[in-house]
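Below are the chains, spelled out letter by letter.
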Amino acid sequence: MDEIQSALHNMDRRRMLKLGAAGLGGMALAGMQAAHSKAGKQGRPESHHAPRAKRVIYLFQSGGPSQVDLFDPKPALAKYHGKDIFELVDKK
């Protein structure tokens, strides 16, 4: 028992987070495998649609515009719609 208390007392934050994350990931994996095996035993497919996707592309763009910036109304955009951008830019 003293060994466990000593190990916990000497554990730094980085080691604790690493062990905690590994434990949570293991529990999530076990839960997904249990759900998959239950569906297989009962003879039910997981989805009623046949999978068609061959590949998935995931894009993460750090620093991109937020959804607030993309969906807010922009009156200046409507004002300059259809005009030549080069006429609006100062040529020096």
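The following paragraphs examine the structure supplied in this document. Please read all numbers here as calculations on a predicted model, not as lab measurements.

A word on the overall build of the protein. When helices and strands are tallied, the protein shows five helices and zero strands. The N-to-C order of helical and strand elements in the protein reads α-α-α-α-α. For the protein, the proportion of its 92 residues judged to be buried stands at 1%. For the protein, the accessible area works out to roughly 9800 Å², and carbon and sulfur atoms hold 60% of it.

Bringing a nonpolar patch on the surface into the picture now. Taken together, the side chains of Tyr-80, Ile-85, Phe-86, Leu-88 and Val-89 present a nonpolar region at the surface, about 490 Å² in accessible area. Inspection of the secondary structure puts Tyr-80 in the loop between helix H4 (75-79) and helix H5 (85-88).

Cut-offs used in this document
Residues numbered from 1 in each chain as written. Predicted model: local features only at pLDDT ≥ 70, side-chain atom pairs only at ≥ 80, totals over all residues. Heavy atoms only, no water. Helix = DSSP H or I, 4+ residues; strand = E, 2+ residues; numbered from the N terminus. Buried < 20%, exposed > 50% of the residue type's maximum accessible area, 1.4 Å probe, protein only. Areas by Shrake-Rupley, 256 points an atom, 1.4 Å probe, with all protein chains shown as cover. Patch = residues over 30% accessible without salt bridge, like charges linked within 9 Å, V, L, I, M, F, W, Y side chains within 5 Å. Salt bridge = Lys/Arg side-chain N within 4 Å of Asp/Glu carboxyl O.

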